Structures are given as structure tokens and as C-alpha cells.
Amino acid sequence: MTWPLSFMNGTTQPGRAVRRAALALAAATPLLAACGSADPTLYSLAPTQGSAVGQAPAVVEVRTPGVPPALDRDHIVGQQANYSLTTLSGASWSEPLPQMIGDTLTSDLQQRLPGSSIFAQNNATSMPAKAFVELDVTQFARDASGEVRLSGTLSVHRAGDPEQGTAQPFSLATSSGSGTTAMVAGLSQLLGQVADSAAQRLRALPAEETTTRHAR
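Residues numbered from 1 in each chain as written. Predicted model: local features only at pLDDT ≥ 70, side-chain atom pairs only at ≥ 80, totals over all residues. Heavy atoms only, no water.

(A) A look at the overall build of the chain. What the chain contains, in helices and strands, is 5 helices and 9 strands. Scanning the chain from its N terminus toward the C terminus, one meets helices and strands in the order α-α-β-β-β-β-β-α-β-β-β-β-α-α. For the chain, buried positions account for 37% of its 216 residues. Of the contacts made within the chain by residues no fewer than 6 positions apart, 70% connect residues no fewer than 24 positions apart. Summed over its atoms, the accessible surface of the chain is roughly 12100 Å², and 53% of this surface lies on carbon and sulfur atoms. (Helix = DSSP H or I, 4+ residues; strand = E, 2+ residues; numbered from the N terminus. Buried < 20%, exposed > 50% of the residue type's maximum accessible area, 1.4 Å probe, protein only. Contact = heavy atoms within 4.5 Å. Areas by Shrake-Rupley, 256 points an atom, 1.4 Å probe, with all protein chains shown as cover.)

Following this line, the structure appears as C-alpha cells:
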């Protein structure tokens, strides 16, 4: 058998060419696998129904909640217990967690306070807020017992009178089925309970005239 001149007059030999082709294919395989990998499933919190309460400040701003970076991750934190975090592979929030919690809490309060204008921080509005709701989240996942838990601090106060809104800690838990969907549903229900508390505290705020005299 006679080989072509291109193989005879250089260092390239048929066996070496085959080996090079095989190595190139092996190197490309992980990249092809990565391109074909499935996108993560995206999850969103949802507003929950609650009882409408009486009169509250006319305009309320829900400030963007504080969420530690440990919870605001690429993958959802499925368990937060025993000094460790466990993330859920292939499961992500559909938007940044602080924004989603704030928007859901805003929707919850709109349903509970139909007589007030409720908006989330940074949303366009021409009306100055008369009161503020501030939430700091410290736990937002299942605990060691498997219950879904939401913990943090909640502050509600009149505009210009933050002393009336001393942050109060809370820790809420609920049982849920297994799986990510059940956990997200449980977190949505607990956030609704936070909205119940915020709505009651907004209703109990002192009248605006009293607050103005106190500020002077």
C-alpha cells in the first residue's frame, strides 16, 4: 500500500492522525454535554389570601427586604440547619430573592388593606409614603426537623417617626409535603402570616396628626 506524500514526507503518520482526532473528540465531549444540560426549574413565591383589616395609613411603602447572601444564591436553599446550608440542585428562584419577597409581601398587603395604596420600594409612584414596612429575613428554608421556617425581624412605622417601629423578631414554621414546590408553597403561606402581622400593626399606628406633633 502506498501512502500519500503528505504522510510520507513529514512527521504526520496515519496512526498519529487518528489519535489526534480521538483526543479532540474526547475534549469536546464535556462541552457538548454542558450545552445539552437541562436548565434549572424556576420557582416563584405567590400571594396568599388573608382577611381585610380596618383603616390604615393611606400610602404604605414596603421596603426591599434584607436577605443575607447565604440565602440569595443561584440555587434555592432547601435546608438551613445545624450550622450548614443545603442547596437544591436544578432549582432556582425566578428573580432575585429580596425583590421577590418584597413584591409578594406587597401583594399580600394590598389584599389585606384594600383602602390603602401599597407599593414596593423603587416602584414608580408620585405619592409620598405615610408609613413603611421593613423586613429582614434570617431563615427561609426547611429546618432540621423538615418543617418550612421563616424567621427574621419586622418593623412597621409612620414616616418621620422610626422610633414607633422597633423591629420585632419572629419565627414562623409550617409542615409541608416533600419536594421543592411544597416548600415554596409553605414559604408563601408564612409570608402571608407576616403580612397579617404587618397589616394589624399598620392599623394600630397612631394617627398622622399625633405623629406630626410628636416629631416636632
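Now, onward.
(B) Representation of the environment of G192 within the structure. As for its placement among the helices and strands, G192 is situated in helix α4 (residues 180-203). For G192, a relative accessible area of 2% gives the class buried. Between the C-alpha atoms of G192 and A46, which are 146 residues apart in sequence, the distance is 9.2 Å. In this view, G192 contacts T48, D108 and R112; residues no more than four positions away in its chain are not counted.

(C) Examining the side chain of R112 more closely. With respect to the secondary-structure elements, R112 resides in helix α3 (residues 97-112). In this structure R112 comes out as buried when scored by relative accessible area, which is 1%. At 2.5 Å, the side chain of R112 forms a polar contact with the side chain of D196. Non-local contacts of R112, meaning those with residues more than four positions away in its chain, are made with T48, Q49, G50, S51, A52, V53, G192, A195, D196 and A199. (Polar contact = N/O pair within 3.5 Å; in protein donor to acceptor, adjacent residues only side chain to side chain.)

(D) Quick peek at the nonpolar core. Ranked by size, the top nonpolar core spans 41 residues in total, and within it W93, L109, V133 and F140 carry the most contacts. Contributing elements (two or more residues each) for this core: β2 (59-62), β5 (91-93), α3, β7 (131-142), β8 (148-158), β9 (168-174) and α4. The residues contacting F140, other than those within four sequence positions of it, are L45, L71, V77, Q80, W93, L97, I101, R149, L150 and L187. (Core = buried A, V, L, I, M, F, W, Y, C linked by side-chain atoms within 4.5 Å.)

(E) Highlighting the pattern of salt bridges. As enumerated under the stated definition, the model contains 6 salt bridges in all. Measuring nitrogen to oxygen at the nearest pair gives 2.9 Å for the salt bridge that ties E134 to R63. Residue E134 is located in strand β7, and its partner R63 is located in the loop between β2 and β3 (77-81); the two are separated by 71 residues in the primary sequence. Sharing partners across several salt bridges, the network here consists of E61, R63 and E134. (Salt bridge = Lys/Arg side-chain N within 4 Å of Asp/Glu carboxyl O.)

(F) Focus on the packing of aromatic side chains. Per the counting criterion, the structure on display carries 1 aromatic pair. Where W93 meets F140, the ring centres are 6.1 Å apart and the plane angle is 50°; that geometry is what we call tilted. Of this pair, W93 sits in strand β5 while F140 sits in strand β7, placing them 47 residues apart in sequence. With respect to burial, W93 and F140 carry one shared label: buried. Its end group placed over the ring of F132, R63 keeps NZ or CZ at 4.0 Å from the ring centre. (Phe/Tyr/Trp six-rings, centres within 6.5 Å; stacked < 30°, edge-to-face > 60°. Lys NZ or Arg CZ within 6 Å of the ring centre and 35° of its normal.)

(G) Expanded view of α3. Under the 1.5 Å per step criterion, the end-to-end length of α3 is 23 Å for 16 residues, consistent within 8% with the ideal 22 Å. Residues of α3 that are buried: L97, P98, M100, I101, G102, T104, L105, T106, D108, L109 and R112. Where α3 is buried, its residues touch β1 (41-43), β2, β5, β6 (117-120), β7 and α4. (Expected span 1.5 Å × (residues − 1).)

(H) Main features of unusual backbone geometry. Even without being glycine, N82 reaches a positive phi, approximately 55°. One can find N82 in the loop between β3 and β4 (84-87). By relative accessible area, which is 63% here, N82 ends up exposed. Although it is not a glycine, Y83 adopts a positive phi angle of roughly 60°.

(I) Structural context of the packing of α3 against α4. Their axes nearest at 9 Å, the elements α3 and α4 cross at an angle of 55°. Classified by the interaxial angle, the pair formed by α3 and α4 is oblique. With respect to the hand of their crossing, α3 and α4 are arranged in right-handed fashion. Contact with α3, carried on its side by I101, T104, L105, D108, L109 and R112, involves L191, G192, V194, A195, D196, A198 and A199 of α4 and no other residues of that element. Across the contact of α3 with α4, the residue classes break down as 8 nonpolar, 2 polar and 3 charged. (Axes fitted to C-alpha atoms, helices over the stretch in contact; angles between N-to-C directions. Parallel < 35°, antiparallel > 145°, perpendicular 65-115°, else oblique. Left-handed = near helix turned anticlockwise from the far one by under 90°. Nonpolar A, V, L, I, M, F, W, Y, C, P; charged D, E, K, R; others polar.)

Take it as geometry only, folks, not as evidence of what the structure does.
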